[in-house]
Amino acid sequence: MLKRTMTGHASPILTTLLDTDAYKLHMQQAVYHRYYDVPVTAEFRCRGDELLGIYADEIRAQIETLQTLALSDDEYHYLSGLPFFQSDYLNWLRQFRLDPSQVNVRNNNGHLTIQISGPWREVILWEVPLLALISEVVHRHRTPQMGVDQAVAHLQHKLTDFRQQVGDLDMSRFQLMDFGTRRRYSKAVQEAIVATLKAEFPWLVGTSNYDLARRLQLNPVGTQAHEWFQAHQQISPVLANSQRAALQSWLDEYDDQLGIALTDCITMDAFLRDFGPGFAHRYQGLRHDSGDPVEWGEKAIAHYQRLDIDPKSKTLVFSDNLNLDKALALYRHFGQRANVVFGIGTRLSCDIPGVTPLNIVIKLVSCNGKPVAKLSDSPGKTICQDKAFVRALRKAFDLPLVKRAS
């Protein structure tokens, strides 16, 4: 059961503002500079349709604890030492506090419903801590006997199996990143997993979690998420230009840094039509997050080749539902044809025998008071309740009007 303090408030699961994914801070800086007053709404989805509403009160209590989180002096100086953050943003972030009044949590006939509304510069930091605390609350109730020991023991088995599969394969180009914050079993389990990988897995190159990156002295990794492209659907004056506007705005903010572009907000095919030679040369690479990874990788390589760009000079990041076995198979296929990186989340931070990870997300549903959509390469990941807008988006990007939003 959840421990409680003498004041009756939930003992906080999250204790630092940096316990979040790097791409959130990277996007937040760009929003702070470019879209300061843009309002958005985001909503929670449980893709497994599980009845999580019984945890609503406990989740609400945890949300209240987040309003006290603030950058420490050490955290501020750490971020200041990174090359892509600007002082005006960090000074603002130093004063920033999460506002629980922006988050509406309800038990809707057993289903957990959550809606977050407010300025994009503030709403953007809710997704990751919310998902992390929801996951931890649910798991501590469902499998209270599980934890760090079981997670690390299972990881050791996986690492032994991985080494056996590697054999004499040239692994000099294999790179692994931890993407496990949002759906981790617990904060303690993710830290133990990442620390074990750092000590025993020579191919670990970074983590998406800024707190772990700072404390474990790892590279923080991440660029932008779907919401960056979704919001531009209502920021850009012309819907058909919105993806190019998002790509250009990112370059205007970061130039030659943080140059991995997410490809599947409006399908890979539509993305590549917008990813012309100017973008292809300036961006360092692409990230896969839905659809068949081999098909995606072949399309990416063919696209670079058509533009007379050597794929080996670019990076392909695979991050969709990976485990170590899948990553190794993809490395065998692409490892000598491009720089490949594998971001593994749930299959590291919530991989314990007897534990079923939650399939939960929080996605943008409106920007500037109007609908936005994600038209994934995996139909089950499509998000938008406004069918008319989905039709308009498909028409604008020349996509067949056959799939419906879930």
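Scoring rules and cut-offs
Residues numbered from 1 in each chain as written. Predicted model: local features only at pLDDT ≥ 70, side-chain atom pairs only at ≥ 80, totals over all residues. Heavy atoms only, no water. Helix = DSSP H or I, 4+ residues; strand = E, 2+ residues; numbered from the N terminus. Rg over C-alpha atoms; globule rule 2.2 N^0.38 Å. Buried < 20%, exposed > 50% of the residue type's maximum accessible area, 1.4 Å probe, protein only. Contact = heavy atoms within 4.5 Å. Lys, Arg positive; Asp, Glu negative; His and termini not counted. Charge placed at Lys NZ, Arg CZ, Asp CG, Glu CD. Arc of directions from axis to C-beta. Polar contact = N/O pair within 3.5 Å; in protein donor to acceptor, adjacent residues only side chain to side chain. Disulfide = S-S within 2.5 Å. UniProt positions renumbered as here; feature names shortened; annotations may be inferred. Pairing = 2+ DSSP bridges. Axes fitted to C-alpha atoms, helices over the stretch in contact; angles between N-to-C directions.

1. Observations concerning the overall build of the chain
Here comes step 1: For the chain, the helix and strand inventory stands at 17 helices and 11 strands.
Here comes step 2: A compact globule built from 406 residues should have a C-alpha radius of gyration of about 22 Å, and the chain, at 21 Å, falls within 12% of that.
Here comes step 3: The principal-axis extent of the C-alpha atoms belonging to the chain is close to 65 × 55 × 45 Å.
Here comes step 4: With 406 residues in all, the chain has 59% of them scored as buried.
Here comes step 5: Once local pairs closer than 6 in sequence are excluded, the contacts in the chain between residues at least 24 apart make up 78%.
Here comes step 6: Considering the chain, the positive charge centre built from 45 side chains and the negative charge centre built from 45 side chains are found 4 Å apart.

2. A look at helix H15 (residues 324-334)
Here comes step 1: Within H15, burial applies to Leu 324, Ala 327, Leu 328, Leu 330, Tyr 331 and Phe 334. On an axial view of H15, the arc spanned by its buried residues comes to 165°, and they lie on one face.
Here comes step 2: For H15, the N-terminal capping position is held by Asn 323, with its side-chain oxygen 3.1 Å away from the main-chain nitrogen of Asp 325.

3. Focus: the state of the cysteines
Should the sulfur atoms of two cysteines be covalently bonded, the bond is a disulfide.
Here comes step 1: The final tally for this structure, using the stated rule, is 0 disulfides.
Here comes step 2: For Cys 46, which is in no disulfide, the shortest distance to another cysteine sulfur is to Cys 350 and amounts to 13 Å.

4. Focus on the UniProt feature "modified residue: Phosphohistidine" (unreviewed entry) in the chain
Here comes step 1: Here, the residues flagged by UniProt with the feature "modified residue: Phosphohistidine" (unreviewed entry) are His 226.
Here comes step 2: You can see His 226 is positioned in helix H10 (residues 226-235).
Here comes step 3: Contact partners of His 226, with chain neighbours within four places excluded, come to Leu 262, Asp 264, Cys 265, Asp 289, Lys 363 and Lys 374.

5. Some details on the UniProt feature "domain: Nicotinate phosphoribosyltransferase N-terminal" (unreviewed entry) in the chain
Here comes step 1: The positions that UniProt labels "domain: Nicotinate phosphoribosyltransferase N-terminal" (unreviewed entry) are, in the present scheme, residues 18-135.
Here comes step 2: Taken end to end, residues 18-135 is 45% helix and 19% strand, and its two terminal C-alpha atoms sit 18 Å from one another.

6. Focus on the sheet that holds strand E7 (residues 285-288)
Here comes step 1: A sheet is described by the order of its strands in space; here 6 strands give the open sequence E5-E4-E9-E8-E7-E6, paired in parallel fashion. With partners counted over all chains shown, the strands left at the sheet margins are strand E5 (204-207) and strand E6 (260-262), one partner each. Neighbour-to-neighbour, the strand axes of this sheet turn through a mean angle of 25°, independent of strand direction.
Here comes step 2: Packing against the sheet, H15 makes contact with strand E4 (176-178), strand E8 (315-318) and strand E9 (339-344), and its axis sits at approximately 170° to E9.

7. Some words on the side chain of Gln 190
Here comes step 1: Turning to its location among the elements, Gln 190 is positioned in helix H8 (residues 187-200).
Here comes step 2: Judged by its relative accessible area of 1%, Gln 190 falls in the buried class.
Here comes step 3: Only 2.7 Å separates the side chain of Gln 190 from the side chain of Arg 184, close enough to count as a polar contact.
Here comes step 4: Residues contacting Gln 190, with those up to four places away along its chain left out, are Asp 178, Gly 180, Thr 181, Arg 184, Asn 209, Leu 212 and Ser 349.

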